Amino acid sequence: MLSLADIFDARRRIAGLAIETPLIPSPHLSRVAGQEFLLKLELAQPTGAFKLRGAANAVASLPATAPGVVCASTGNHGRALAYAAQARGVPATICMSRLVPAVKRDAIAALGAEIRTLDTQDDAEIEAARIAAAEGVLEISAFDDPQVIAGQGTIGLELLSARPDLETLLIPLSGGGLAGGIALAAKTIKPSIRVIGLTMDRGPAMHLSMTAGHPVPVVELPSLADALGGSIGTTNRHSLDLCRRYLDDSILVTEAEIYHALQALYHEDRLVAEGSCVVGIAALLAGKLPALNGPVATILTGRNIDPKRHAAIMRGETIRLGDLVLEGVPYAA
Ligand SMILES: *Cc1c(COP(=O)(O)O)cnc(C)c1O
């Protein structure tokens, strides 16, 4: 069972690889929220996403004899694991679905990792397990691994030491390693804090699994929030339990709401982010959040968006996501 002490240990272990990120106010979003609204800039990590925290902690905890690591990833965990493994001189194999954007795949290849491309995220999970069994390398789950969860939880330590007065945390939710780790840290330190998970309405695996009380498989569909796709694993052991225990609420947003939130973040705060990290902002702008009673923070989890797609959204162009056509809308506050 993970505890706050594991998260403090993780903070010490990852210090050389992951940075402590800034927490900055958004004047525009604070006006909309009627409360101070803060952005935790995990997109400033050297791999462009918070996943470096968990991967660095997992690699630092490897037995000295580990011949290598393998994982399935929607892109950011694979890049983080490749980066941490390269720093320690350990070979890494990354399994990904075809839906992972080329920018993410190219960055992983540049770190010297071996890449396997599968049809879906769920196939990538199966392939990673097969390679671990066949080659004796260690599989590092992107979200259901105690060391990974403890690493992501270090964000909760930073948030509450910077701002003990935070009342609400808005956390992008996919496999739940991020939300589970942060919520464990934040609620142990400050039990009254409210923690809300957010994800897209196309294939919200953890949202459905929390309601059902067991892992619910979802069909992975193209989404602006590509890092939030895929299921939570049929044998989930850690992250579902943590999310059920510690999350107060789980809210879904549409692709159009994510599109608008990406525009708002750029036009108002001049920040470039990937779709997965603006789900909290999307819920605020769509009026989907419960009443706010004090300072709010959301995690800007990553910046690894395809630059052409980002530019098209900033220009208000129409976007195609598989069968879904997202009508272009120029930004207006
Ligand atoms: C992985 C990821 C998430 C979700 O984290 P989980 O631990 O899977 O819930 C959110 N945003 C980005 C950019 C990610 O890469």
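If you're wondering where the values come from, they're calculated on a predicted model, not measured in any experiment. (Residues numbered from 1 in each chain as written. Predicted model: local features only at pLDDT ≥ 70, side-chain atom pairs only at ≥ 80, totals over all residues. Heavy atoms only, no water.)

*Asks:* Teacher, can you tell me more about the overall build of the protein chain here?
*Replies:* Helix and strand counts for the protein chain stand at 13 helices and 12 strands. Taken over C-alpha atoms, the radius of gyration comes to 18 Å for the protein chain, in line with the 20 Å a tight globule of 333 residues would show. Each principal axis of the C-alpha atoms in the protein chain carries an extent, and together these give about 55 × 45 × 40 Å. Buried positions account for 59% of the 333 residues belonging to the protein chain. Look at the contacts in the protein chain between residues 6 or more apart in sequence, and 74% of them connect residues 24 or more apart. Carbon and sulfur atoms make up 53% of the accessible area of the protein chain, which totals about 12700 Å². (Helix = DSSP H or I, 4+ residues; strand = E, 2+ residues; numbered from the N terminus. Rg over C-alpha atoms; globule rule 2.2 N^0.38 Å. Buried < 20%, exposed > 50% of the residue type's maximum accessible area, 1.4 Å probe, protein only. Contact = heavy atoms within 4.5 Å. Areas by Shrake-Rupley, 256 points an atom, 1.4 Å probe, with all protein chains shown as cover.)

*Asks:* What exactly am I supposed to notice about unusual backbone geometry here?
*Replies:* Note: most residues except glycine have negative phi, and most peptide bonds are trans. With phi around 55°, R270 is a residue other than glycine that occupies positive phi space. With respect to the helices and strands, the residue R270 is situated in the loop between α11 (255–269) and α12 (279–285). Judged by its relative accessible area of 56%, R270 is exposed.

*Asks:* Explanation requested: the packing of helix α1 (residues 4–14) against helix α7 (residues 146–162) in the structure shown.
*Replies:* The geometry of a pair of packed helices is captured by two quantities: the angle between their axes and the separation between those axes. Look at α1 against α7: their axes get within 8 Å of each other, and the N-to-C directions meet at 85°. Judged by the angle between their axes, α1 and α7 are roughly perpendicular. Only Q147, A150, G151, G153, T154 and L157 of α7 make contact with α1, whose side of the interface consists of L4, D6, I7, F8, A10, R11, R13 and I14. Within the contact of α1 with α7, the residues separate by chemical class into 7 nonpolar, 4 polar and 3 charged. (Axes fitted to C-alpha atoms, helices over the stretch in contact; angles between N-to-C directions. Parallel < 35°, antiparallel > 145°, perpendicular 65-115°, else oblique. Nonpolar A, V, L, I, M, F, W, Y, C, P; charged D, E, K, R; others polar.)

*Asks:* I'm lost on the nonpolar core in this one. Help?
*Replies:* Most often, soluble globular proteins keep nonpolar side chains buried together rather than apart. Within the largest apolar cluster, 40 residues are counted, with the highest numbers of intra-cluster contacts made by F37, L39, I258, V278, I281 and L300. Excluding residues within four positions of it along the chain, V278 makes contact with I258, A261, L262, L265 and A273. Ranked by size, the runner-up nonpolar core spans 39 residues in total, among them L2, I7, V218 and I232. (Core = buried A, V, L, I, M, F, W, Y, C linked by side-chain atoms within 4.5 Å.)

*Asks:* When you look at the sheet that holds strand β7 (residues 168–172) in this model, what are you seeing that I'm missing?
*Replies:* Backbone hydrogen bonds hold the strands of a sheet together, and the pairing may be parallel or antiparallel. Judged by pairing direction, the sheet is mixed, and its 6 strands sit side by side in the order β1-β2-β10-β7-β8-β9 without closing on themselves. Bordering the open sheet on either side are β1 (23–25) and β9 (249–253), each of which pairs with just one other strand. When strand polarity is set aside, the average angle formed by the axes of neighbouring strands in this sheet is 25°. Here β7 runs beside strand β8 (residues 194–200); their pairing, made up of 5 bridges, is parallel. Across the sheet, L169 pairs through a bridge with V195, a residue of β8. (Pairing = 2+ DSSP bridges.)

*Asks:* Explain the environment of A15 here, please?
*Replies:* Among the secondary structure elements, A15 is positioned in the loop between α1 and β1. Along the backbone, A15 and R53 are 38 residues apart, and their C-alpha atoms lie at a distance of 8.9 Å.

*Asks:* Mind showing me how you'd approach α1 here?
*Replies:* Since the α-helix packs 3.6 residues into each turn, any two residues three or four apart lie on the same face. Here α1 has its buried residues at L4, I7, A10 and I14. When α1 is viewed along its axis, its buried side chains cluster within an angular range of 110° and face the same direction. Elements in contact with the buried residues of α1: α3 (51–60), α7 and α8 (177–189). (Arc of directions from axis to C-beta.)

*Asks:* Explain the sheet that holds strand β4 (residues 92–97) here, please?
*Replies:* On the basis of which strands lie adjacent, the open sheet formed by 4 strands has the order β5-β4-β3-β6 and parallel pairing. Here the strands that pair on one side only, and so sit at the sheet edges, are β5 (114–118) and β6 (138–139). Relative to β6, strand β3 (residues 69–73) runs parallel, the two sharing 2 bridges. Looking at β6, one finds that V70 is bridged to E139. Running at roughly 170° to β3, helix α6 (residues 121–135) makes contact with β3, β4, β5 and β6 of the sheet.

*Asks:* Honestly, the site of the ligand in this entry has me stumped. Any pointers?
*Replies:* Taken together, 16 residues lie around the ligand, and K51, N76, S174, G176 and T301 are the ones closest in. The contact in question runs from an oxygen atom of the ligand to an N or O atom on the side chain of K51, over 2.7 Å. In the model, an oxygen atom of the ligand is placed 2.8 Å from a nitrogen or oxygen of the N76 side chain. Within the complex, the protein chains bury 99% of what would otherwise be the 380 Å² of accessible surface of the ligand. Partitioning the shell around the ligand into residue classes produces 6 nonpolar, 8 polar and 2 charged. (Near = heavy atom within 4 Å. Polar contact = N/O pair within 3.5 Å; in protein donor to acceptor, adjacent residues only side chain to side chain.)

*Asks:* Would you mind going over the pattern of salt bridges with me for this structure?
*Replies:* Two side chains of opposite charge can pair, provided their charged atoms sit close to one another. Taken as a whole, this structure holds 17 salt bridges when the rule is applied. For D226, the salt bridge is made with K104, and the minimal N-O distance between the two is 2.9 Å. Taken together, the positions of D226 in the loop between α9 (205–212) and α10 (239–246) and K104 in helix α5 (residues 102–110) put the pair 122 residues apart, joining distant regions of the chain. With a relative accessible area of 2%, K104 lands in the buried category. Overlapping salt bridges, with partners in common, bring together K40, E42, R53 and E158 in one network. (Salt bridge = Lys/Arg side-chain N within 4 Å of Asp/Glu carboxyl O.)

*Asks:* I tried to follow the pairing of strand β10 (residues 296–300) on my own but got confused; where do I start?
*Replies:* In regular strands, side chains alternate between the two faces of the sheet. In terms of burial, β10 is a largely internal element, 5 of the 5 residues being buried. With burial as the criterion, each face of β10 is covered, one bearing V296, T298 and L300 and the other bearing A297 and I299. The pairing of strand β2 (residues 37–41) with β10 spans 5 bridges and is classified as parallel. Within β10, the position partnered with L41 by the bridge is L300. Taken together, the 3 bridges between β7 and β10 define a ladder with parallel strand orientation. When the sheet's bridge partners are listed, L169 is paired in β10 with A297.

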